[in-house]
Amino acid sequence: MLIYHFGTRDALLRAVLGRARQRQLDIFGDLLRVRPDEPYTATLDRAWTFITGPDGRPYLRMFGQLRESAEQRLWPDFRRTATTDWLGPLEDGLRSIGRPDLATLVLAVIRGLLMDLDATGDTTRTDRAFRDFLGSVEHLSSGDHSSACRSRERAGRGTTGTDTASGT
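The structure presented is a predicted model; accordingly, all values stated were derived computationally and were not measured.

Parameters and conventions
Residues numbered from 1 in each chain as written. Predicted model: local features only at pLDDT ≥ 70, side-chain atom pairs only at ≥ 80, totals over all residues. Heavy atoms only, no water. Core = buried A, V, L, I, M, F, W, Y, C linked by side-chain atoms within 4.5 Å. Buried < 20%, exposed > 50% of the residue type's maximum accessible area, 1.4 Å probe, protein only. Helix = DSSP H or I, 4+ residues; strand = E, 2+ residues; numbered from the N terminus. Contact = heavy atoms within 4.5 Å. Phe/Tyr/Trp six-rings, centres within 6.5 Å; stacked < 30°, edge-to-face > 60°.

Participant: I'm lost on the nonpolar core in this one. Help?
Facilitator: Generally speaking, soluble globular proteins have nonpolar side chains that are buried together. In this structure, Leu32, Leu44, Leu90, Leu94, Val106 and Phe130 are the most contacted members of the largest nonpolar core, which totals 29 residues. Looking at this core, the elements with two or more residues in it are α2 (9-32), α3 (40-51), α4 (57-68), α5 (78-84), α6 (87-95), α7 (103-120) and α8 (123-142). Element by element, the count of residues in this core is highest for α7, at seven residues. Beyond its immediate stretch of four places on either side in the chain, phenylalanine 130 contacts Leu44, Asp45, Trp48, Ile110 and Leu113.

In structure tokens:
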């Protein structure tokens, strides 16, 4: 009966995956939203605890397998989408601490630690690593961002102090 309604097995699976993905986006998106009474690093910590806990892990297992599928026939652009759809919510949240530019870094660390957790099951170590990383984010957000940008710009210049790309 379900195949009749959806047409093919793959169409049925795509519909189920699409619904589950929307639920994940809604739940995880709410976890990542800015809360005026809470530092954003505390929000990230709470989100990490949920995502890696019993309510979040089924999503990680399901979509982890889809992301690793070599064929990608059920959802051809999933790997890209599963990455980029979190950048906006993270940028919005990190904007609250003046560092929306850290969204890619935060996402990369989260994804890497989730892969580590999936491979090893070592919750204690990955939780500690994530909390250490949040300490670094707090440090980066409390520092002088413009001074850090100037240092990166100087590091990209030649030894004469001129900008090698523009010759100035």
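Participant: Looking at this structure, I do not really get the environment of threonine 43. What am I missing?
Facilitator: By the secondary structure assignment, threonine 43 is in helix α3. Take threonine 43: its relative accessible area is 0%, and that puts it in the buried class. C-alpha separation for the pair threonine 43 and leucine 31, spaced twelve residues apart in sequence, amounts to 7.1 Å. The residues touching threonine 43, leaving out its near neighbours within four places in the chain, are Leu31, Leu32, Arg33, Arg35 and Glu38.

Participant: Sorry if this is basic, but what is going on with the side chain of arginine 21 here?
Facilitator: The residue arginine 21 is located in helix α2 in this model. Classification of arginine 21 by relative accessible area gives buried; the value is 4%. With residues near it in sequence (within four places) discarded, arginine 21 still touches Phe63, Trp75, Phe78, Thr81, Ala82, Asp85 and Trp86.

Participant: I'm lost on the packing of aromatic side chains in this one. Help?
Facilitator: Two aromatic rings are characterised by how far apart their centres lie and by the angle between their planes. For the structure shown, the criterion picks out five aromatic pairs. Ring geometry for phenylalanine 28 and tyrosine 59: centres 5.9 Å apart, planes at 75 degrees, overall edge-to-face. Note that phenylalanine 28 is positioned in helix α2 and tyrosine 59 in helix α4, a separation of 31 residues in sequence. On the numbers, 6.0 Å between centres and 35 degrees between planes, the contact of phenylalanine 28 with tryptophan 86 is tilted. Residue phenylalanine 28 is found in helix α2, and its partner tryptophan 86 is found in the loop between α5 and α6; the two are separated by 58 residues along the sequence. Here phenylalanine 28 and tryptophan 86 have matching classes, each one buried. An aromatic cluster is present here, built from Phe28, Phe50, Tyr59 and Trp86 joined pairwise through their rings.

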